[in-house]
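Below are the chains, spelled out letter by letter.
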Amino acid sequence: MLLEAISKGSYTFDPTMILQMAGIAKSFPGVRALDGVSFSVRRGEVHALVGENGAGKSTLMKILSGAYQADQGVITFDGKAVAFPTPSQMIGLGIAVIYQEFAQAPHLTVAENIFLHRLPRTRFGLVDWKKAAAEAKRYMDRLGFSVDPLARIDRLSVAQRQMVEIARALSRNARLIVLDEPSAVLGDNELQKLFSTIRSLQKEGVSFIYISHRLKEVFDISQTVTVLRDGKVMNSTATREMTTDDLIRSMVGRSIGDYFPPRNPKFGNDVLKISGINRGKVLKDISLTLRGGEIVGICGLAGAGRSELLRAIIGADAIDSGRIELRGKALTIDTPRKAIALRIGFAPEDRKTDGLFLSQSVSFNITISRLRDVLSGFWLNLSHERKTAQDFAAKLRVKTPDVDARVGNLSGGNQQKCVIAKQLNAKCDVLLVDEPTRGVDVGAKREIYELLVDLTERSGLAILMVSSDLPEVIGMCDRILVMCEGRITAEIAKADATEEEIMKHATVH
Amino acid sequence: MSDISTIEPRSNMQKLSASIFKASGLLWVFLGLCVVAALLSPAFLNPANLMNVFRQVALYGIVSVGMTFVILTKGIDLSVGSILGVCAVSTALLLSGGWSPWLAVIIALLIGTGLGAINGIGVAIGRVPPFIMTLGMMVMARGLALTLANGQPIGLKDAAANFAWLGRGAMLGIPVPVWIFAVVAGIAIFVLRYTPFGRQIYAVGSNEEAAHLSGISVNLINFSVYVISGFLAALTALIFVSRLTVGEPTAGTGIELEAIAITVIGGTSLFGGEGGIFGTIIGAAILAVLANIMNLVGISPFTQQIVKGAIIVGAVLYEMQRKRK
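What you see is a predicted model; the values in this text were computed from it and never measured.

Visitor: Residues and numbers for the overall build of chain B, please.
Guide: The number of helices and strands found in chain B is 13 helices and four strands. A compact globule built from 325 residues would reach a C-alpha radius of gyration of about 20 Å, and chain B, at 20 Å, matches this within 12%. A burial count over chain B gives 52% of its 325 residues as buried. Contacts in chain B between residues at least 24 apart in sequence constitute 79% of all its contacts with a sequence separation of at least 6. About 14400 Å² of surface is accessible on chain B, with carbon and sulfur atoms providing 71% of the total. Averaging the positions of the 17 positive and the 11 negative side-chain charges in chain B gives two centres separated by 5 Å.

Structural data, given as structure tokens:
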């Protein structure tokens, strides 16, 4: 295959490259996921791979890791052709893929996770725990994270767990590490630490493929960037020669101009007013007011209590004290069921585990929040249900073959729209959204922004939005509340909002 | 938006036939099995034999409908056999003590429902894993049945004649238990498909946290399915007692495994949220025909167990392979 590719000119050997993938094609029933993709990573560089969801990034990485076999194309690693890659072969060659959901055993220790399957042995063939711990510590120290090698994984922070994954890769002599959306689970500080680790490993000759939806990170960390769109390479150049607009244009195939939709808010009366909410150590004396038609953002670092606040408001977590007023009436909301009955909707951060019924249809997911609207007498009126779901799908521009398709088969952005549709179906007039665009591609992000703005302006919906994406919060919100260690530390008007101002209040002084 | 134009209305009949079609792979297996049975033994098509098969389908089928509800919520009910035993003994005690059959029936159904409710409370409120809760109930209820009966089968004495219709009677030439099964299965199909309750069962089974956040009373749903399962175990107990004219404290031993096998073979996912009653009906038919063939050609009951066990594993294996695609 390699010879054929060389003779056809689709492959030329380049010794400065650690990895060369040439003419990679892969089809699934009905979808051409990759169409002649050529992708090369230079020794010691950080190579960013961007593209909308469904552009083919994960398929390409799965081929690289040996999880999928390409239909066509050649892969060479360190100058040697890889004929039929299998996962164990790729690991053996020194390719490590670190997924968003870490492949870790949560009840085992750091050392055990790093050396899973390859624990050092004593001369009697027993596990040499002393050596395992010492080695594990050495790897973690090298990454600049001093973690007790005997600590259980589930006691660590997400950032530390990510470092354990990298340590495991290093312990297997990885020379190319793929980071799949590493920032999705990290706060800003933690991300900076990750970046400095990446830079120091780069100096040792380790190469990285960095996949992210956050373009700012691409510019911060990468030397080269490759844009995939619809299974083809659109662009592969030095990062410093690119601008954000260039990147976005090649990702979506059009310049999206003003990224955030224009906003002409009309504020109504106070809808939701909470005062003095406390919950253990996570929420301390939280008060806020939300008016009809308003979008209020909540910022803060991971662990500041943002999601916990939303969960407390809808009664998913019990509060110790505090008062919630809805449309001027004091209430206790002790279950999500009650919150929905009071027309407070909640779109949780993790749509796969908390938001959706992945094995069920789009229409199932949308109508489940309020089945009584699709009843005829006591019975579900299935055609009415379909109609309702189709209306929402059309209104929210959910891209799906039809409303009977499994929600699990949709892309992230379309899944997110289904989560929002589910809340709208419950006729909410207060909507709490947690990271509404996490893991959503650029085009769908813009659609979600438009949708949220439209809902507030046309139907007077009040939105409380938690997001880690600061440009998003600044671009979307009329007011911004900053949280730090369970408290609201600042309220910033839209006009005064800058990333620096927000970060100043989000960090501990 | 051009993407939306692909959303075309599809009628409910089409959807319904699609769901039957999904089960129809199984239907072919079943029909194939019948052909094999007829070829292996001419006695298979004998009307008396077919009626026996039907009765068998009905008996296991009723319990399996309850099991399907439970498994759809990602639960499991190991106690149905023992609950059946308690109800069988109670019915026999009441009847032989001269109680009216109607009253005996009602009390037995209440007992089964009540034991199911205890399972439900343990699972829903107590958060005891279903496997453990119903395993405990399986042991306890069997103990209760043996205690009530003092370890002996209880004959119905004179009451047997009044109570024979349920298990031995026929309407329009079809055994009464088959009618009962048809009604139970019909209601179950309807409930799962056309009621908010049914919808919520699927929701809880697919994603409990999402169901909770969507305003569904997860506890109530989890509780209800065990109640339904207990009730249907009691109903089966009545047919058992009527048919055998005796209440055995060991009645129903092992039927829980049979019901789990039927449900799984019928395509209901052990991981919850997927499957339904159509599959369960065919699953019951497949197992009954299989048992019947093996009896007709003289395979020993011991060997039959080996075959059944292998089929259960095979059915789950098939499901996992299908999922991976």
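After that view, the rundown keeps rolling.
Visitor: Describe the overall build of chain A, and please don't skip the residues or the numbers.
Guide: Scanning chain A for helices and strands turns up 18 helices and 22 strands. Its C-alpha atoms give chain A principal-axis dimensions of about 70 × 50 × 50 Å. Looking at chain A as a whole, 54% of its 509 residues are labelled buried. For chain A, the exposed area adds up to about 21600 Å²; of that, 51% sits on carbon and sulfur atoms. A gap of 3 Å separates the mean positions of the 68 positive and 60 negative side-chain charges of chain A.

Visitor: Describe the interface of chain A and chain B, with residues and values.
Guide: Between chain A and chain B, the contact holds 42 residues from the first and 32 residues from the second. Regarding the contact of chain A and chain B, the summed buried area is about 3100 Å², with carbon and sulfur atoms giving 59% of it. For the chain A face of the interface with chain B, the top three residues by lost area are Phe 357, Leu 380 and Leu 382 of chain A, together amounting to 18%. Taken together, chain A and chain B are joined by three salt bridges.

Visitor: Requested: an account of the domain arrangement of chain A, with residues and values cited.
Guide: Residues and elements named next belong to chain A. Domain annotation for chain A reports domain 1 (2-252) and domain 2 (270-506). Taking only C-alpha atoms, the centre of domain 1 and the centre of domain 2 are 33 Å apart. Note on domain 1 versus domain 2: buried area summed over both sides is about 960 Å², and carbon and sulfur give 57% of it. Taken together, the connections running from domain 1 to domain 2 amount to zero salt bridges. Viewed at the interface, domain 2 and domain 1 are joined by zero residue pairs in polar contact (both at pLDDT 80 or more). Listing elements by their share of the side of domain 1 that touches domain 2, those giving two or more residues are helix H7 (188-203) and helix H9 (244-252). Counting residues per element, the side of domain 1 that touches domain 2 draws most heavily on H9, which supplies three residues.

Visitor: If you had to explain the packing of helix H4 (residues 101-124) of chain B against helix H5 (residues 130-149) of chain B to someone new, which residues and values would you point to?
Guide: Residues and elements named next belong to chain B. For the pair H4 and H5, the least separation of the axes is 9 Å and the interaxial angle reads 150°. As for the relative orientation of H4 and H5, their crossing is right-handed in sense. Every residue of H5 that contacts H4 at Leu 115, Ile 118, Asn 119, Gly 122 and Val 123 is listed here: Pro 130, Met 133, Thr 134 and Met 137. Split into classes, the residues belonging to the contact of H4 with H5 amount to six nonpolar, three polar and no charged.

What counts and what doesn't
Residues numbered from 1 in each chain as written. Chains lettered and ligands numbered in written order. Predicted model: local features only at pLDDT ≥ 70, side-chain atom pairs only at ≥ 80, totals over all residues. Heavy atoms only, no water. Helix = DSSP H or I, 4+ residues; strand = E, 2+ residues; numbered from the N terminus. Rg over C-alpha atoms; globule rule 2.2 N^0.38 Å. Buried < 20%, exposed > 50% of the residue type's maximum accessible area, 1.4 Å probe, protein only. Contact = heavy atoms within 4.5 Å. Areas by Shrake-Rupley, 256 points an atom, 1.4 Å probe, with all protein chains shown as cover. Lys, Arg positive; Asp, Glu negative; His and termini not counted. Charge placed at Lys NZ, Arg CZ, Asp CG, Glu CD. Buried area = accessible area lost by both parts, 1.4 Å probe. Salt bridge = Lys/Arg side-chain N within 4 Å of Asp/Glu carboxyl O. Domains from an automatic or database assignment. Polar contact = N/O pair within 3.5 Å; in protein donor to acceptor, adjacent residues only side chain to side chain. Axes fitted to C-alpha atoms, helices over the stretch in contact; angles between N-to-C directions. Left-handed = near helix turned anticlockwise from the far one by under 90°. Nonpolar A, V, L, I, M, F, W, Y, C, P; charged D, E, K, R; others polar.

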